[in-house]
Amino acid sequence: MHGKARTGRLLTPHAAIETPVFMPVGTVASVKGVPQDTLEELGAQIILGNTYHLYLRPGVSTVRKLGGLHGFMAWPRAILTDSGGFQVFSLNELRKVNEEGVTFRSHLDGSSHFFSPESAMEAQIGLGADIIMAFDECTEYPADQARMRASMEMTARWAARSKKYFEEHKSEVPWNAASEIPTLAAQSAARMGHPPSLDPPLSGHACQTLFGIVQGGMDRALRKESAERTVEIGFPGYAIGGLSVGEPRELTREIVESTLEHLPVDKPRYLMGVGTPEEIVEYANLGVDMMDCVLPTRAARHGLLFTSEGKVSIKQARYAQDAGPLDPNCGCRVCRRYSRAYLRHLYASNEVLAQVLNTIHNLSFYLDTMRRVRHAISLGVESRFLASLWSRPKT
Ligand SMILES: [Zn+2]
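Note that the structure is a prediction, hence the values are computed from the model and not measured.

(A) Summary view of the packing of helix 7 (residues 145–169) against helix 8 (residues 220–233). Packing of helix 7 against helix 8 brings their axes to within 10 Å, and their N-to-C directions diverge by 10 degrees. What the angle tells us is that helix 7 and helix 8 run roughly parallel. In contact with Gln145, Met148, Arg149, Met152, Glu153, Ala156, Ala159, Ala160 and Lys163 of helix 7, helix 8 contributes Leu222, Glu225, Ser226, Arg229 and Ile233. Per-class residue counts for the contact of helix 7 with helix 8 are seven nonpolar, two polar and five charged.

This is the structure:
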């Protein structure tokens, strides 16, 4: 497994990204509780925005007028938006799917909306992220064979429609017209394994990159077919979607490992929506280049902190008089400055600062973990040893 890990460098219009990379989730153009300058300080190279949420509020045309997501949220580094497919999927009872697209109701005001591959591309071009995603259908779990196949085939047809629309409209990106952004040719700098790289832009303009998404439920053969069909359509990068939807973790790993075998080694591979610190290390070792997950930010807001000594539930009374740092091995601004006792007090008092500080530490822990994984891979060292850091019993 270790031999499949690789490091690389993806050049996007706004920033170079060292891979494997963890991408913090900024659902509504905000990583909850963390200002952009702090994200920069933590070393976040690329963050995620959710098309569904931004489409509903503040709306694509507003974001476009304000310079796209980069201008709107004052974030100079790379951004990736999802296609909206997963969010619509997670509002299961409110959606209606047919060949044309998905009709759904807004969770904000109940109004009716429609996403097709074309309109999802239009929205993502208007939002102007560096990397955007084909419109897919996330298959629910569990699903029977016929359902998994039908869903996978529709995702393949939607991928072709997404690509067609994107190719015809990619020049409409908000930062392209008055662009001062230099065109960046793709480069890669792998030290081990096969380097993932992005193809250079065809024209002299920097433009977005569209990734395809592999679906196929929990069936290895369907995943293989989905990968082959998506690769045949041809994208500069590929995502594995439809996982972490309630299946056992061992199954997630099995599907990831088998799907990776069918993706081109020289293109970036993005595993959507995973995972714990142990899992992101494990997936990087399997050859995944990009990952995102709400876990570090969401858990932080619930007082669950990831540390080099294991998980800490800061609400526990045992920390009430603990003068030590949250994580003695963490150099983040929270661990350098505050005690566990203070963090516990903030949480118990329901202070906004508790959410801010907890989130900063958890993100720092995830981003540091990936930094160490990159370092280990580049040295040719088995980076799986890092995983033992979290399974070590607390003394
Ligand atoms: Zn820390």
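(B) View of the pattern of salt bridges. Evaluated as defined, the whole model comprises 24 salt bridges. Note that Arg147 is salt-bridged to Glu140, the shortest N-O span being 2.8 Å. With relative accessibility at 25%, the residue Arg147 sits in the partly exposed group. As a salt-bridge pair, Arg249 and Glu279 come within 3.2 Å of each other at their nearest N and O atoms. Taken together, the residues span a long stretch of sequence, with Arg249 in helix 9 (residues 249–260) and Glu279 in helix 10 (residues 277–286) at a distance of 30 residues. You can call Arg249 partly exposed: its relative accessible area is 43%. Members of the salt-bridge network, linked through shared partners, are Lys4, Arg253, Glu257 and Glu282.

(C) Local environment of the coordination of the zinc ion. Protein coordination at the zinc ion comes from Cys330 (SG), Cys332 (SG), Cys335 (SG) and His361 (ND1), with a distance range of 2.1 to 2.3 Å. Angles of 97 to 120 degrees at the metal separate the four donor atoms of the zinc ion, which places the site in the tetrahedral class. Between the donor residues of the zinc ion, the gaps in sequence give the motif C-x1-C-x2-C-x25-H. Linking Cys332 in the loop between strand 15 (310–313) and helix 12 (333–337) with His361 in helix 14 (residues 352–379), this pair joins segments that are 29 residues apart in sequence. What makes Cys332 buried here is its relative accessible area of 5%.

(D) Just the sheet that holds strand 6 (residues 96–97), in detail. The antiparallel open sheet is built from three strands, whose spatial order is 6-7-8. Strand pairing shows two members of the sheet lacking a second neighbour, strand 6 and strand 8 (112–115), which therefore form its edges. Pairing geometry for strand 6 and strand 7 (residues 102–105), over two bridges, is antiparallel. Bridged to Val97 within strand 7 is Val102.

Rules and cut-offs
Residues numbered from 1 in each chain as written. Predicted model: local features only at pLDDT ≥ 70, side-chain atom pairs only at ≥ 80, totals over all residues. Heavy atoms only, no water. Axes fitted to C-alpha atoms, helices over the stretch in contact; angles between N-to-C directions. Helix = DSSP H or I, 4+ residues; strand = E, 2+ residues; numbered from the N terminus. Parallel < 35°, antiparallel > 145°, perpendicular 65-115°, else oblique. Contact = heavy atoms within 4.5 Å. Nonpolar A, V, L, I, M, F, W, Y, C, P; charged D, E, K, R; others polar. Salt bridge = Lys/Arg side-chain N within 4 Å of Asp/Glu carboxyl O. Buried < 20%, exposed > 50% of the residue type's maximum accessible area, 1.4 Å probe, protein only. Donors = N, O, S within 2.8 Å, 3.2 Å for Na, K, Ca; no water. Tetrahedral: all angles 85-135°; square planar, octahedral: opposite > 155°, others 65-115°. Pairing = 2+ DSSP bridges.

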